[in-house]
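Breakdown of the fold
These are the residues of each chain, in order.
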Amino acid sequence: MCRNIKPLFNFDPPATGEEIHDAALQFVRKLSGTTKPSKRNEAAFEQAVMSIAKCAQELLGSLETSQPPRDREEVAAKARARTAIRFA
């Protein structure tokens, strides 16, 4: 999995449209092997990002869980701690 794509389900507050778009963009970049498409492929690239973002939004809206929502700050703090240990 691409390291830049983070889980977006079951957080309080829920994922924003911008976060979903950013994840879709990273996914399309990974699939295409490029961070910036050529002018010739720009429209196809953007269409793919929008389609994936829409599907991701639908998925996140339809998923259910019995677990309480995770706190974003708590999860971010744990990630920072892991990074500090890894790169210390």
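Residues numbered from 1 in each chain as written. Predicted model: local features only at pLDDT ≥ 70, side-chain atom pairs only at ≥ 80, totals over all residues. Heavy atoms only, no water.

**Let's talk about the layout of surface pockets**
What the largest pocket holds in volume is close to 540 Å³. The wall of the largest pocket is formed by 15 residues, among which K6, V75, A76, A79 and R82 lie closest to the centre. Among the elements that make up the lining of the largest pocket, the one with the highest residue count is helix 3 (residues 72–86) (7 residues). Of the voids in this model, the second largest pocket is the one considered here, and its volume is about 280 Å³. Lining the second largest pocket are 14 residues, and of these I5, L8, A23, A56 and L59 sit closest to its centre. Elements with a minimum of two residues in the lining of the second largest pocket: helix 1 (17–32) and helix 2 (42–62). (1 Å grid on protein atoms, 1.4 Å probe; cavity = no way out; pocket = protein on both sides within 12 Å on 5 of 7 lines; lining within 4 Å. Points joined across faces, edges and corners; volume = space filled by probe spheres on them. Helix = DSSP H or I, 4+ residues; strand = E, 2+ residues; numbered from the N terminus.)

**Notes on helix 3**
The first and last C-alpha atoms of helix 3 sit 21 Å apart over 15 residues, in line with the 21 Å expected at 1.5 Å per residue. The N-cap of helix 3, judged by a side-chain oxygen 3.1 Å from the amide nitrogen of E73 a few residues on, is D71. (Expected span 1.5 Å × (residues − 1). Polar contact = N/O pair within 3.5 Å; in protein donor to acceptor, adjacent residues only side chain to side chain.)

**A few points about the nonpolar core**
Nonpolar side chains tend toward joint burial in soluble globular proteins. The biggest cluster of nonpolar side chains holds 11 residues, and these are I5, L8, A15, I20, A23, A24, L25, V28, F45, V49 and A53. Among the secondary structure elements, those contributing two or more residues to this core are helix 1 and helix 2. The leading source of residues in this core is helix 1, at 5 residues. Dropping the residues within four chain positions of it, A53 is found in contact with I20, H21 and A24. (Core = buried A, V, L, I, M, F, W, Y, C linked by side-chain atoms within 4.5 Å. Buried < 20%, exposed > 50% of the residue type's maximum accessible area, 1.4 Å probe, protein only. Contact = heavy atoms within 4.5 Å.)

**Remarks on the environment of P14**
One can find P14 in the loop between strand 1 (11–12) and helix 1. P14 sits 54 residues away from P68 along the chain, and the two C-alpha atoms are 12 Å apart. In this view, P14 contacts E19 and R72; residues no more than four positions away in its chain are not counted.

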